[in-house]
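# Structural characterization, general
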Amino acid sequence: MTVISVKNLTISYNKKPAIKGINLEVGEGSIIGILGPNGAGKSTLIKGILGLLPSETGEIRIFEKPVKEVLKRIAYIPQKEQFDWDFPINVSEVVMMGRYPYISLFGRPDENDHLIVKEVLEKVEMADNQFTQIRNLSGGQQQRIFLARALAQESDIYLLDEPFVGVDAKTEKAIFELIKELKEKNKTILIVHHDLSKVKEYFDKVILINQTLVAFGDTDIAFTSELINKAYGGRLTILQKAEQLFKN
Ligand code: ADP
Ligand code: MG
């Protein structure tokens, strides 16, 4: 079954294209890495899939439907900088946001919503911090909370923009274990990621992007030094890293 279908997607800012003519067909039950240099359009692609940005050309279908009809089924973790961490709100209130799609306009969270928030906070090992103001969280704790909010939404698609940035190794491992659990439940997970050394370990498939789509496919096939070099446009440091990756 096709979970996400993107056809000829072009998105521009002030008439300047950030991504051009992107085509993707994503199935269920896989973990997919979105890779490319800074400014390649990775975040734009994710926001485009979510319908957060107007597209110049193209069509997006999620479960064969327009995105607007299935937003409940898509959980999104934005890049950390795009969130106001100074906002006066506590941990469990942020996680409860994941339940909003289920709560009617003038309704309030019910017992089940509270139970789910409690459960996901335990899952990400943040139950002791439920009343902590989010401005007082460490980088690793912030990402745990983001993940908890996404889990609380009980979605089928998870779009995660750099979930491991500013995160300690222990948290990265814990988060990745939970992502693997989602995959086992046949969920579809797209992760913007920049640490090339983890790609083979983490991802079933990769999307290599640099404004246009450079490659999309199984990691073994699409994550080759040639295609990585192409996506990263010959940046020396990255090139060297890519060479090292393929030494063994
Ligand atoms: P990535 O996530 O791969 O680093 P982005 O998708 O954030 O890349 O950005 C792609 C391009 O679009 C970059 O050149 C960036 O400067 C530009 N861009 C991103 N957001 C905006 C915006 N809100 N207004 C204008 N240009 C933007
Ligand atoms: Mg980005």
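Residues numbered from 1 in each chain as written. Chains lettered and ligands numbered in written order. Predicted model: local features only at pLDDT ≥ 70, side-chain atom pairs only at ≥ 80, totals over all residues. Heavy atoms only, no water.

### Description of the environment of Gly58
Convention followed: Secondary structure elements follow DSSP: runs of H or I no shorter than four residues count as helices, runs of E no shorter than two count as strands, and numbering proceeds from the N terminus. Categorising residues by exposure relies on relative accessible area from a 1.4 Å probe, with only protein chains included: less than 20% of the type maximum marks a residue as buried, more than 50% marks it as exposed, and the intermediate range marks it as partly exposed. Contacts are assigned to residue pairs with any non-hydrogen atoms lying within 4.5 Å of each other.
Relative to the assigned elements, Gly58 resides in strand β4 (residues 57-62). Judged by its relative accessible area of 41%, Gly58 falls in the partly exposed class. If we ignore the near neighbours within four places in the chain, the residues touching Gly58 are Lys7, Asn8 and Leu9.

### Description of the coordination of the magnesium ion (ligand 2)
Short version of the rule: Coordinating donors are taken to be N, O and S atoms lying within 2.8 Å of the metal, or within 3.2 Å when the metal is Na, K or Ca; because water is excluded from the atom set, some sites may appear incomplete.
In the first shell of the magnesium ion (ligand 2), the protein supplies Ser43 (OG) and Gln79 (OE1), at 2.1 to 2.4 Å from the metal. With Ser43 in helix α1 (residues 42-50) and Gln79 in the loop between β5 (74-77) and α2 (91-96), this residue pair connects regions lying 36 residues apart in the sequence. In this structure, Ser43 and Gln79 share a single accessibility class: buried.

### Observations regarding the pairing of β5
Where we set the bar: Any two strands between which DSSP finds at least two bridges are classified as paired.
Of the two faces of β5, the one holding Ile74 and Tyr76 and the one holding Ala75 and Ile77 are both buried throughout. Pairing of β5 with strand β6 (residues 157-161), which is carried by 4 bridges, proceeds in the parallel orientation. Bridged to Ile77 within β6 is Leu160.

### Quick notes on the site of ligand 1
What counts, and what does not: The near set for a molecule or strand comprises every residue that places at least one heavy atom within 4 Å of it. Distance and chemistry together define a polar contact, namely a pair of N or O atoms within 3.5 Å, with one atom able to donate a hydrogen and the other to accept it when in protein, and with adjacent residues in sequence counting only for side-chain atoms on both sides. In this description, accessible areas are obtained by the Shrake-Rupley approach with a 1.4 Å probe, and a residue is regarded as covered only by the protein chains that are shown. Each residue receives one of three labels: charged for Asp, Glu, Lys and Arg, nonpolar for Ala, Val, Leu, Ile, Met, Phe, Trp, Tyr, Cys and Pro, and polar for the others, Gly being one of them.
Every residue near ligand 1 is listed here: Tyr13, Ala18, Pro37, Asn38, Gly39, Ala40, Gly41, Lys42, Ser43 and Thr44. Here an oxygen atom of ligand 1 sits 3.2 Å away from a polar atom, N or O, in the main chain of Ala40. Thr44 places a polar side-chain atom, nitrogen or oxygen, 2.5 Å from an oxygen atom of ligand 1. Its free accessible area being 560 Å², ligand 1 has 56% of it covered by the protein chains. If you tally residues by element for the shell around ligand 1, the top one is α1, at 3 residues. Per-class residue counts for the shell around ligand 1 are 4 nonpolar, 5 polar and 1 charged.

### What about the pairing of strand β3 (residues 31-35)?
Counted residue by residue, β3 has 5 buried out of 5 residues, so it is predominantly covered. Every second residue of β3 is oriented toward a common face, with Ile31, Gly33 and Leu35 on one face and Ile32 and Ile34 on the other, all of them buried. Pairing analysis gives 4 bridges linking β3 to strand β7 (residues 188-192), with the strands arranged parallel. Counterpart to Ile34 in the pairing with β7 is Val192. Of the pairings in the sheet, the one linking β3 to strand β8 (residues 205-210) comprises 4 bridges and is parallel in character. Note that in β8 the partner of Leu35 across the bridge is Leu208.

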